Every structure is written in structure tokens, then in C-alpha cells.
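Structural features, examined
Chain by chain, the residues run as shown.
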Amino acid sequence: MKKLIIGALILIAVFVVVLNTGIVAGQALDWVKENPKDPDAPLVLYRTARWCDIMGSDQRAESIYLQLYQQYPEKAELCAPALYYVALDISNSSYATGVRKQALPYLQTIIDKYSDQEEWRTKAKQLYDEVNYAH
């Protein structure tokens, strides 16, 4: 019985850590801060932001995506999707046209700056048109 209780407590602790985006993101951001020149740092930021996004921490995800873009703008393969997800989260956050249009600059950046990222450029153009021309 004692082993069962200890096992359950360990399982609960693992779920708390894994599902708590603040803990995971904090550790990842600390690592990137200590290792900004590491070639894996941009990918760590991207994956951390995706995790936060998937877990529903949109504001934290947006912050990390934007940090990625600001620190490593040359990483087109990561920045294009990062900016797209920022724009997508903004456009999905409200039905108000004014709020949704705040996504447009991010989409325009993908279209203009990351045109070599064809998949993300296409997605950005489609979302841009959807947001810009919605009534």
C-alpha cells in the first residue's frame, strides 16, 4: 500500500511539472539566457513556445515566439512559423475586427521577410486575407 501511495504521489508530481507551462518555460528560458550562442537555443525557444501554445498559455507562447524572432531573426525556418502562430492566436482571440487586425503586421513580416519559407508564406497570405477582408 505504501508503494502505491508513493507511486501515485510521483505520478502527480510528474503531471504537475509537465503540465505547468511556467516551470517548463522558465527552465528553457533560463537555459537560453545562459547559452544564447548555442546553435540549439533558437529551437529550444521555438519548442518551448509551441508547448505553451498547445497547453493553452497563449500569452506566454506569444512572448516566447517574439523573443525568438527578436533574438534570432535569421532563423527563417523557426521565425516564420513562430510569427504565424502569434498571428493565429491573435486572430482567434476575438471576433472584433480591430483586435484581429493586430495580427496583420506579423503576417506581413512573414510575407515580406521570409518569402523563402513557401509553406508559411502561403499560410500567412491566406490568414492575412481572411483577417483583412473579413466583415
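This text gives an overview of the structure that appears in the document. (Residues numbered from 1 in each chain as written. Predicted model: local features only at pLDDT ≥ 70, side-chain atom pairs only at ≥ 80, totals over all residues. Heavy atoms only, no water.)

**Quick word on the environment of Lys75**
- Looking at the secondary structure, you find Lys75 in the loop between helix H4 (58-71) and helix H5 (76-92).
- Residues Lys75 and Pro42, 33 residues apart in the sequence, show an inter-C-alpha distance of 7.6 Å. (Helix = DSSP H or I, 4+ residues; strand = E, 2+ residues; numbered from the N terminus.)

**Some words on the pattern of salt bridges**
- Counted according to the given criterion, the structure contains 4 salt bridges.
- A salt bridge links Asp53 to Arg50; the shortest N-O distance between them is 3.2 Å. Of this pair, Asp53 and Arg50 both sit in helix H3 (residues 41-54), 3 residues apart, roughly one helical turn.
- According to the relative accessible area criterion, Asp53 is buried, its value standing at 12%.
- Residue Asp129 is joined to Lys125 by a salt bridge in which the shortest nitrogen-to-oxygen separation is 3.0 Å. Pair noted here: Asp129 and Lys125 are both in helix H8 (residues 118-132), with a separation of 4 residues, about one helical turn.
- Given the relative accessible area of 39%, Lys125 is considered partly exposed. (Salt bridge = Lys/Arg side-chain N within 4 Å of Asp/Glu carboxyl O. Buried < 20%, exposed > 50% of the residue type's maximum accessible area, 1.4 Å probe, protein only.)

**Re the packing of aromatic side chains**
- A complete count under the given rule lists 6 aromatic pairs for this structure.
- One aromatic cluster is present, built from ring pairs that chain together Tyr46, Tyr65, Tyr84, Tyr85 and Trp120.
- The ring centre of Tyr85 lies 3.9 Å from the NZ or CZ of Arg50, which sits over that ring.
- Just above the ring of Trp120 sits the side chain of Lys123; from NZ or CZ to the centre is 4.4 Å. (Phe/Tyr/Trp six-rings, centres within 6.5 Å; stacked < 30°, edge-to-face > 60°. Lys NZ or Arg CZ within 6 Å of the ring centre and 35° of its normal.)

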